[in-house]
Amino acid sequence: MADSLKKEKTDYLKEIPFVGHSRISFGGEWREQYQSYTHFNFGEVPADFVTKSPYQLMHRVMLHANVELPHRIRVFAQLNNTARFWNPNPLTGQLDQDLLSLHQFLVDIPLSNSLKLRVGKQEYSFGLERFIATREGPNTRTPYYGVNLKYQRKNLQWDAFVSHPIRIKPGVFDDGPTDEILSGFYGNYRYQKRHFLEPYYLYFESDLREYLFKKGLEKRHTLGFRAFSGIGPVNYDIEIAHQSGEFRDLAIDAFMGVWDFNVALKKALYVGFSGNYVPGDKSNKDGQLNTFNTLFARPPFGQTVALNITNTWNFSPYIRYQDLKHWLVTGRASFVSRQSTEDGIFTPNMTPARPILGKNQSSVAEPICNIYALDAQYFPTKHFSFQLELGYCDAGSYLQESGSGQNVHYYALRNVYRF
């Protein structure tokens, strides 16, 4: 009993008496990640790249202070330091490096027992991060300048927010807001013991995105819902969304369907399949844009390939071991093809990946790639975690016909210490 009550050294950084009746806590994270690629991005890299098969060390340190003031007012501040080493290629914007930044600085103001207002520089993460993510996998996480109204009571919680995404730069305290607008409503309702429904509406305004070599002002509305279960013998996750609005002189009409089903073979061992159906643009002459915009989503296929679900259909069988204590291991195969041969494919941050200006743009091939991946995470203590990622991607005929289509080999080893 005495051992279980013994404090660790980092426990003395929590709940320290501060000014008056306030209390302050300190915490942080130190993460090192080694990555190795063979034929990065299928060998289709910018002309200023030194190598198509880089290896790199991704370094991250984040430190925060949390102050609990009287009347349940909270102030949270977080510093961020990310850097990339060993890779001779130019830095990849928004992902690789941010030498020093005030990553978050926010204030929580309670308006009632169930309602609070959050104002400041902050992270957003909703649902399975198919639209708005912290982007934990890449080196630098994504913050926003925003105002967020948060409600939580019993089986219902929701967020209503308006924000400006932040443009991350590689230097010291040089980040700044973009002119993009991201706002909306995201709810979560538990209607049975382990069954949930998440309705949402998102509004996005930007002139930074590009569709088939065209740029312009985009005003996009996303209306959707996600239905899913907590972990049990049979599990499901279904998400459907529709987008409307306008891009230049085009009317937006786009759709997304994503699913995941699995069953427990025995305790902690699951077998299942996931997939998506996300149509692309049907024609460049019909006055419509049918390309779906996933906004600021997490990478749906992991770190092996920088590929989005936009204009794809995909079938992914998998097997997973998840004991909820120390291990989370997933082996997965993903078979990905284009849904429309009139549209290209995109990276997770909605940068056009194919077609490439000056190369074959009229390919009618559908197969994009087959991805085979293993992700093993081990949590020996509450402070430490280790992760191994192995990936192989077999380039399909569309990649081979529209540019470089070399197969990708990926390896990553990550360790994290949190306190």
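None of these values were measured; they are calculated from a predicted model.

Q: Mind showing me how you'd approach the nonpolar core here?
A: Inside soluble globular proteins, nonpolar side chains tend to come together where they are buried. Counting 38 residues, the largest nonpolar core has Phe131, Ile132, Met256 and Cys369 as the members making the most contacts within it. Listing elements by their share of this core, those giving two or more residues are β10 (181–192), β11 (195–206), β16 (250–266), β23 (367–378), β24 (384–395), α2 (397–402) and β25 (408–418). If you look at the next biggest cluster of nonpolar residues, it comprises seven residues, including Tyr211, Leu250, Ile252 and Met350.

Q: What is the right way to look at the pairing of strand β7 (residues 144–153) in this model?
A: Successive side chains on a regular strand alternate, one facing one side of the sheet and the next facing the other. Here eight bridges tie strand β6 (residues 115–122) to β7, and the two strands are oriented antiparallel to one another. Across the sheet, Gly120 pairs through a bridge with Gly146, a residue of β7. Sheet topology places β7 next to strand β8 (residues 156–167); ten bridges connect them, and they run antiparallel. Opposite Tyr151, over in β8, you have Trp158 as the bridge partner.

Q: Just to check I follow, could you spell out the side chain of Glu123 for this structure?
A: Here Glu123 lies in the loop between β6 and β7. We classify Glu123 as buried; its relative accessible area is 17%. A polar contact is formed between the side chain of Glu123 and the side chain of His103, at a distance of 2.7 Å. If we ignore the near neighbours within four places in the chain, the residues touching Glu123 are His103, Gln104, Thr134, Arg141 and Thr142.

Q: Explanation requested: the pattern of salt bridges in the structure shown.
A: Close approach of charged atoms lets side chains of opposite charge pair. Tallied over the full model, the rule gives 21 salt bridges. For Arg84, the salt bridge goes to Asp96, with nearest N and O atoms at 3.0 Å. Of the two residues, Arg84 is situated in strand β4 (residues 74–85) and Asp96 in the loop between β4 and β5 (98–110); the sequence distance between them amounts to twelve residues. Judged by relative accessible area, Arg84 falls into the buried class, the value being 10%. Given a relative accessible area of 7%, Asp96 falls into the buried group.

Q: Help me out: how do you make sense of the side chain of Asn89 in this one?
A: Inspection of the secondary structure puts Asn89 in the loop between β4 and β5. Here the side chain of Asn89 touches Val50 through a polar contact of 2.6 Å, landing on its backbone nitrogen. Asn89 has contacts with Phe49, Val50, Thr51, Pro54 and Arg84, leaving out every residue within four places of it along the chain.

Q: Hey, could you run me through the environment of His21 in this one?
A: Along the chain, His21 turns up in the loop between β1 (16–17) and β2 (23–38). Distance from His21 to Leu69, taken between C-alpha atoms, is 7.1 Å for residues 48 residues apart in sequence.

Q: Would you explain the packing of aromatic side chains in this entry?
A: The geometry of an aromatic ring pair is captured by two quantities: the separation of the ring centres and the angle between the planes. Overall, the coordinates contain 28 aromatic pairs when judged by the stated rule. Relative to Phe315, the ring of Phe273 lies with its centre 5.9 Å away and its plane at 35 degrees, an arrangement referred to as tilted. A residue pair is termed long-range when its members are at least 10 positions apart, and Phe273 in strand β17 (residues 269–278) and Phe315 in strand β19 (residues 312–322) qualify at 42 residues. For Phe273, a relative accessible area of 35% puts it in the partly exposed group. An aromatic cluster of three or more residues is present, and its members are Tyr124, Phe126, Phe131, Tyr144, Phe161, Tyr186, Tyr200, Phe204, Phe292 and Phe296. The ring of Phe228 is capped by Arg226, whose NZ or CZ atom sits 3.7 Å from the centre of that ring. The ring centre of Tyr398 lies 3.7 Å from the NZ or CZ of Arg338, which sits over that ring.

Q: Please clarify how the environment of Asn235 should be interpreted in this entry.
A: One can find Asn235 in strand β15 (residues 234–247). Discounting chain neighbours no more than four positions away, the residues touching Asn235 are Arg194, Ser229, Gly230, Asp260, Phe261, Asn262 and Tyr270. In this structure the side chain of Asn235 is engaged in a polar contact, spanning 3.4 Å, whose partner is the side chain of Arg194. Side chain to side chain, Asn235 and Asn262 meet in a polar contact 2.8 Å long.

Q: I would appreciate a short explanation of the environment of Asn276 in the present structure.
A: With respect to the helices, strands and loops of the structure, Asn276 is situated in strand β17. Residue class for Asn276 comes out buried when judged on its relative accessible area of 3%. Separated by 37 residues in sequence, Asn276 and Trp313 have C-alpha atoms that sit 5.3 Å apart. Not counting residues up to four positions away in its chain, the partners in contact with Asn276 are Gly257, Val258, Trp259, Phe301, Ile309, Thr312, Trp313 and Asn314.

Q: Can you walk me through the pairing of β25 in this structure?
A: Across ten bridges, β2 lies against β25 in antiparallel orientation. What sits directly across from Arg31, in β25, is Val416. Of the strand pairs in this sheet, β24 and β25 are connected by ten bridges, and their pairing is antiparallel. Its bridge partner lying in β25, Gly391 is registered against Tyr410.

Q: What is the right way to read unusual backbone geometry from this model?
A: Leaving glycine out, the prevailing phi sign among residues is negative, and the prevailing peptide bond configuration is trans. Omega for the peptide link from Arg354 to Pro355 comes to 0 degrees, which places this bond in the cis form. Within the secondary structure, Pro355 is located in the loop between β22 (352–354) and β23. The phi angle at His39 is positive, at roughly 60 degrees, despite the residue not being glycine. Since its relative accessible area comes to 23%, His39 is described here as partly exposed. Positive phi is not limited to glycine here, since His71 has a value of about 65 degrees.

Definitions and cut-offs
- Residues numbered from 1 in each chain as written.
- Predicted model: local features only at pLDDT ≥ 70, side-chain atom pairs only at ≥ 80, totals over all residues.
- Heavy atoms only, no water.
- Core = buried A, V, L, I, M, F, W, Y, C linked by side-chain atoms within 4.5 Å.
- Buried < 20%, exposed > 50% of the residue type's maximum accessible area, 1.4 Å probe, protein only.
- Helix = DSSP H or I, 4+ residues; strand = E, 2+ residues; numbered from the N terminus.
- Pairing = 2+ DSSP bridges.
- Polar contact = N/O pair within 3.5 Å; in protein donor to acceptor, adjacent residues only side chain to side chain.
- Contact = heavy atoms within 4.5 Å.
- Salt bridge = Lys/Arg side-chain N within 4 Å of Asp/Glu carboxyl O.
- Phe/Tyr/Trp six-rings, centres within 6.5 Å; stacked < 30°, edge-to-face > 60°.
- Lys NZ or Arg CZ within 6 Å of the ring centre and 35° of its normal.

Function-wise, these values are silent; they only describe arrangement.
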